[in-house]
Amino acid sequence: KKLRSIPKQTFLFGPSPIQFLPRLSKEVSPAGDVKIWAKRDDCNSGLAYGGNKVRKLEFLVADAISKGCDTLVSVGGVQSNHTRAVTAVATASGLKAVTVQEKWVPIDPPLYDKTGNILLSRLMGGDVRLNNEPFHIGHKTATKQAMDDVAQKGGKPYYVPAGASDHELGGLGFTNFVVELAEQENQLGVFFDTLVVCSVTGSSHAGLIVGAVAEGKGRKVIGIDASAKPAETKEQVTRIARATAALLDPELKIPDEAVVLDERFHEGIYGIPGPTTSEAMKLAARTDALITDPVYEGKSMAGMVQLIKEGSIAAGSNVLYVHLGGQPALNAYSSYFEE
Ligand code: PLP
């Protein structure tokens, strides 16, 4: 109830579609005892290809507008989906966007800083500023400078942290996702006992945990780390989940066991696919034409496949792969897929 009372913009088409993946299910679970479905938050919005950030930003942009801000300021890597989404929601709300794009990934494949997400931000008229800072999920000094810069020019900046995560409203989008999911389950007549989600800056994962704990139906949420700094991601997921729960209902407690982050699939570094990621991406693409990216969703796909194969996701399960988006970055990684 509290969640419904918190103002939000409408950037999504409506509930994101849920799809059964018959060929992937058969490939991963040949006996047919685990069924794989996907909730397609990669198709959730018409704003510059959508994705998880657009869902989170419904709440942050409402806050920005209510505070009279005119410019969203945020940060990410060169191929950040998040900064593309910030630019998209700003544009579609009549606001400006300044995005700091850092060297979070120490590679420079052809057209890395010209194609994919960064191209879309430029096309939307975003103010894109490149720098050489490496990856971490915390608050960055360059955004502070960008904020000052906007203010100095007479604008009113609104700060969106990396991934729209470490923000008091950051966990609400994916808490709302669980409310939406429960309504869809009633219509479908299916209960998804296990949700698999990619986790880096943590608020997608955290929001799902809050939603699942609040429902109390025993639904498991398994985060797959793609940050390659799992201790930091897990700490952030836990902190955001607890802060979001406290905001919604002071009685709602998030136990330690609710925060599950599998560390086996980041392949050693943020932003670079290894063989397991590439194989999982090909498997999803070549069975149900489900396209994933090499930075995030390919890693969570690899995680889900392994969890099913090793029996950690039990027979009889209906698993929901929470597809968070990210496909635009694929263009910048073409050199990894030349066969
Ligand atoms: N998947 C995609 C496509 C993303 O862009 C991100 C962003 O970081 C994630 C997963 C991870 O989500 P979060 O940052 O909320 O942990």
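A brief structural summary.

## Observations concerning the overall build of the chain
(1) Moving on: Along the backbone of the chain there are 11 helices and 10 strands.
(2) Moving on: The C-alpha atoms of the chain give 19 Å as radius of gyration, which agrees with the globular expectation for 339 residues (20 Å, within 12%).
(3) Moving on: When its C-alpha atoms are laid out on the principal axes, the chain stretches across 65 × 50 × 35 Å.
(4) Moving on: Across the 339 residues that make up the chain, the buried fraction comes to 60%.
(5) Moving on: Considering only intrachain contacts with a sequence separation of at least 6, the fraction spanning at least 24 residues in the chain is 79%.
(6) Moving on: Here the chain has roughly 13,600 Å² of accessible surface; of this, 54% comes from carbon and sulfur atoms.
(7) Moving on: The averaged location of the 38 negative side-chain charges in the chain is 3 Å from the averaged location of its 36 positive side-chain charges.

## Notes on the sheet that holds strand β1 (residues 18-20)
(1) Moving on: Sheet architecture is open: 6 strands sit in the order β1-β2-β10-β7-β8-β9, paired in mixed fashion. At either end of the open sheet lies a strand with only one pairing partner, and these are β1 and β9 (260-262). Looking at each pair of strands side by side, their axes are set apart by 30° on average, direction ignored.
(2) Moving on: The pairing of β1 with strand β2 (residues 35-40) spans 3 bridges and is antiparallel. The residue of β2 that forms the bridge with Ile-18 is Lys-39.
(3) Moving on: The strands touched by helix α9 (residues 230-248) within the sheet are β7 (194-199), β8 (220-225) and β9, with β9 carrying the most contacts at an inclination of about 160°.

## What to know about the side chain of Gln-236
(1) Moving on: Its place among the elements puts Gln-236 in helix α9.
(2) Moving on: For Gln-236, a relative accessible area of 4% puts it in the buried group.
(3) Moving on: If sequence neighbours within four positions are ignored, Gln-236 has contacts with Ile-137, Ser-165, Asp-166 and Thr-201.

Criteria and cut-off values
Residues numbered from 1 in each chain as written. Predicted model: local features only at pLDDT ≥ 70, side-chain atom pairs only at ≥ 80, totals over all residues. Heavy atoms only, no water. Helix = DSSP H or I, 4+ residues; strand = E, 2+ residues; numbered from the N terminus. Rg over C-alpha atoms; globule rule 2.2 N^0.38 Å. Buried < 20%, exposed > 50% of the residue type's maximum accessible area, 1.4 Å probe, protein only. Contact = heavy atoms within 4.5 Å. Areas by Shrake-Rupley, 256 points an atom, 1.4 Å probe, with all protein chains shown as cover. Lys, Arg positive; Asp, Glu negative; His and termini not counted. Charge placed at Lys NZ, Arg CZ, Asp CG, Glu CD. Pairing = 2+ DSSP bridges. Axes fitted to C-alpha atoms, helices over the stretch in contact; angles between N-to-C directions.

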